[in-house]
Amino acid sequence: MLELNGVNYDDNLISYELEKSQLWTPNSGRSYGDMSWGGTVGGNFTKIKASLYFENPQKLSTLETTLLSGSINANFYDTRTRTIRNKVFYRANYTVKINGYYDDGAEQYFDLIEITLVDHDRD
């Protein structure tokens, strides 16, 4: 359902949402004054919102490294097409919730990360 830069996160998914944003809607990541969309009025942009749970600190570190890049290649399930699609996204801000604590490996990692990915190009 969700693969980012070649790493599959299906086993880590807690929640998964798709948001289809119109060009001018609040929080769409685009503004009326930004002409980078080429002057075409309208357009739908996909946002992926996901919560992922990690017990493996290396996999969490891999995800965070991916999120820091400006272009994230994602394979994701799209409800409109009912297929796995591939698009390039950038990330919005993200939060890592640390529910456990770190004690030189004596304690397990319990991390929840909530991410929002916004596509570079309209659908």
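As a starting point, this report considers the structure included with it. (Residues numbered from 1 in each chain as written. Predicted model: local features only at pLDDT ≥ 70, side-chain atom pairs only at ≥ 80, totals over all residues. Heavy atoms only, no water.)

**Digging into unusual backbone geometry**
Even without being glycine, Asn5 reaches a positive phi, approximately 50 degrees. Within the secondary structure layout, Asn5 lies in the loop between strand 1 (2-4) and strand 2 (7-8). According to the relative accessible area criterion, Asn5 is partly exposed, its value standing at 38%. Even without being glycine, Arg82 reaches a positive phi, approximately 55 degrees. By the secondary structure assignment, Arg82 is in the loop between strand 5 (72-78) and strand 6 (83-91). (Helix = DSSP H or I, 4+ residues; strand = E, 2+ residues; numbered from the N terminus. Buried < 20%, exposed > 50% of the residue type's maximum accessible area, 1.4 Å probe, protein only.)

**Some points on the packing of aromatic side chains**
Applying the stated criterion across every chain, the model contains 2 aromatic pairs. Arranged with centres 6.2 Å apart and planes meeting at 75 degrees, the rings of Tyr9 and Phe54 form a pair that is edge-to-face. In this pair, Tyr9 is assigned in the loop between strand 2 and strand 3 (13-22) and Phe54 in strand 4 (residues 44-54), connecting sequence segments 45 residues apart. With relative accessibility at 0%, the residue Tyr9 sits in the buried group. (Phe/Tyr/Trp six-rings, centres within 6.5 Å; stacked < 30°, edge-to-face > 60°.)

**Some thoughts on the environment of Ser21**
Relative to the assigned elements, Ser21 resides in strand 3. The exposure class assigned to Ser21 is buried, which follows from its relative accessible area of 2%. For the pair Ser21 and Asn44, spaced 23 residues apart in the sequence, the C-alpha separation amounts to 5.4 Å.

**What to know about the pattern of salt bridges**
Pairs can form between side chains of opposite charge once their charged atoms are near each other. Within the structure shown, the criterion is met by 9 salt bridges. Residues Lys49 and Glu19 are paired through a salt bridge, measuring 2.8 Å at the closest nitrogen-oxygen approach. Of this pair, Lys49 sits in strand 4 while Glu19 sits in strand 3; the two residues are 30 residues apart in sequence, bridging distant segments of the chain. Its relative accessible area of 29% is what places Lys49 among the partly exposed residues. By relative accessible area, which is 25% here, Glu19 ends up partly exposed. Note that Lys20 is salt-bridged to Asp78, the shortest N-O span being 3.2 Å. (Salt bridge = Lys/Arg side-chain N within 4 Å of Asp/Glu carboxyl O.)

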